[in-house]
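Coordinate inspection notes
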Amino acid sequence: MTAGTAQTLVWDWTVRLFHWLIVLLIPLMWWTAEEGMMDWHRRLGLTLFALVLFRLVWGVMGTWTARFVPMIKRLGAVPGYVRDLFAGRHSPSFGHSPIGSLSVFALLAALSIQIGTGLFSVDVDGLESGPLAILISFKTGRDVADIHELNFDILVILIALHIAAIAVYQFVLKANLVRPMVTGRSSDVEPESTVTVRPVALLASVAIVAASLYAVMNAG
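Residues numbered from 1 in each chain as written. Predicted model: local features only at pLDDT ≥ 70, side-chain atom pairs only at ≥ 80, totals over all residues. Heavy atoms only, no water.

**Topic: the pattern of salt bridges**
Considering all chains together, one arrives at five salt bridges under this definition. Arg-89 is the salt-bridge partner of Asp-84, the closest N and O atoms lying 2.8 Å from each other. Relative accessible area serves as the criterion here: at 49%, Arg-89 is assigned to the partly exposed category. It is possible to trace a salt-bridge network through shared partners that takes in Asp-39, Arg-42 and Glu-128. (Salt bridge = Lys/Arg side-chain N within 4 Å of Asp/Glu carboxyl O. Buried < 20%, exposed > 50% of the residue type's maximum accessible area, 1.4 Å probe, protein only.)

**Considerations on helix H5 (residues 98-120)**
Given a rise of 1.5 Å per residue, 23 residues ought to cover 33 Å, and the 34 Å separating the end C-alpha atoms of H5 matches this to within 8%. Looking only at H5, the buried set comprises Pro-98, Gly-100, Ser-101, Val-104, Leu-107, Leu-108, Ala-110, Leu-111, Gln-114, Ile-115, Thr-117 and Leu-119. Buried positions along H5 lie against helix H1 (13-34), helix H2 (38-61), helix H3 (68-74), helix H4 (78-86), helix H6 (138-171) and helix H8 (199-217). (Helix = DSSP H or I, 4+ residues; strand = E, 2+ residues; numbered from the N terminus. Expected span 1.5 Å × (residues − 1). Contact = heavy atoms within 4.5 Å.)

**Concerning the nonpolar core**
Ranked by size, the top nonpolar core spans 40 residues in total, and within it Ile-22, Trp-58 and Leu-155 carry the most contacts. Elements represented by at least two residues in this core include exactly H1, H2, H3, H5, H6 and H8. With 11 residues, H2 is the largest single contributor of residues to this core. When residues no more than four places from it in sequence are discounted, the contact partners of Ile-22 are Pro-27, Leu-48, Leu-51, Val-52 and Leu-111. (Core = buried A, V, L, I, M, F, W, Y, C linked by side-chain atoms within 4.5 Å.)

**Here we look at the packing of aromatic side chains**
Counted according to the given criterion, the structure contains three aromatic pairs. One Lys or Arg, Arg-43, reaches over the ring of Trp-40 and ends 4.9 Å from the middle of that ring. (Phe/Tyr/Trp six-rings, centres within 6.5 Å; stacked < 30°, edge-to-face > 60°. Lys NZ or Arg CZ within 6 Å of the ring centre and 35° of its normal.)

**Focus on the side chain of Thr-65**
For Thr-65, the location among the structural elements is in the loop between H2 and H3. Within the local environment of Thr-65, its side chain forms a polar contact with the backbone oxygen of Val-10, the two atoms lying 2.5 Å apart. With residues up to four places along the chain from it excluded, the contact list for Thr-65 reads Val-10, Trp-11, Phe-94, Gly-95, His-96 and Val-195. (Polar contact = N/O pair within 3.5 Å; in protein donor to acceptor, adjacent residues only side chain to side chain.)

**Section: the packing of H1 against H6**
Packing of H1 against H6 leaves a shortest axis separation of 13 Å and a crossing angle of 135°. Put simply, H1 runs oblique to H6. Like other packed secondary-structure pairs, H1 and H6 cross with a definite hand, here left-handed. On H6, the residues that touch His-19, Ile-26 and Trp-30 of H1 are Phe-152, Leu-155, Ile-159 and His-162. Within the contact of H1 with H6, the residues separate by chemical class into five nonpolar, two polar and no charged. (Axes fitted to C-alpha atoms, helices over the stretch in contact; angles between N-to-C directions. Parallel < 35°, antiparallel > 145°, perpendicular 65-115°, else oblique. Left-handed = near helix turned anticlockwise from the far one by under 90°. Nonpolar A, V, L, I, M, F, W, Y, C, P; charged D, E, K, R; others polar.)

**Section: the packing of H2 against H8**
Running from amino to carboxyl end, H2 crosses H8 at an angle of 145°, the nearest separation of the two axes being 9 Å. For H2 against H8, the interelement crossing comes out right-handed. Facing Leu-46, Phe-49, Ala-50, Leu-53, Phe-54, Val-57, Trp-58 and Met-61 of H2, the residues of H8 in contact are Ala-201, Leu-202, Ala-204, Ser-205, Val-206, Ile-208, Val-209, Ser-212, Leu-213, Val-216 and Met-217. A breakdown of the residues in the contact of H2 with H8 according to their chemical character gives 17 nonpolar, two polar and no charged.

**Section: the environment of Thr-194**
Examined against the element boundaries, Thr-194 turns out to sit in the loop between strand S2 (185-186) and H8. In this structure the C-alpha to C-alpha distance between Thr-194 and Ser-101, which are 93 residues apart in sequence, comes to 19 Å.

**Examining the confidence of the model for the protein chain**
Considering every residue of the protein chain, the mean pLDDT works out to 94; 96% of them sit at 70 or more. Of all helices and strands in the protein chain, the one with the weakest mean pLDDT is H4 (94), whereas H8 scores best (98). (pLDDT = per-residue confidence, 0-100.)

Shown next, in the form of structure tokens:
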């Protein structure tokens, strides 16, 4: 197969669905919080919890380009990759590039902190609380709420950097990163592994998420 002529499957449908649902849900989370629509904020937060937990599990059990191990191995190449970018050299990667891997870990960490703190957060009046706030004191819940607000600012910065990087790839390096995340396929890379969703791994991941979501929702 010659790169540039054949379409290589890079991203499985679960990774793509996760990506675009996150794109949709984060603005909705912000808007519901700003408008005081806390019932919806809580529902969307639990949806995000399920999505991010699935992505974390899928990073262990999922397809090759979804797994964390290949991304971790690429982190050592970040300095050289950045030097090449500044020199105007760009070699498409099968899956996440070294700098893309770093971005994934940063965004998943920020999302995990945001969701985790949201589960335990308590508002000033103690009327609106996360589903796990019952497990901690009011003061601790307020401290967690402060972290929740601060971390959102960090998350916004990371998202802005992510969008800026996509723009640089598109307009400077002439590499379209959006299309493969829509179609799952790229004509610029050679496959390093098959990207096939295994039913058993998918069912196991969904079961883990469902059990965890049930536990959180019934913690009280």
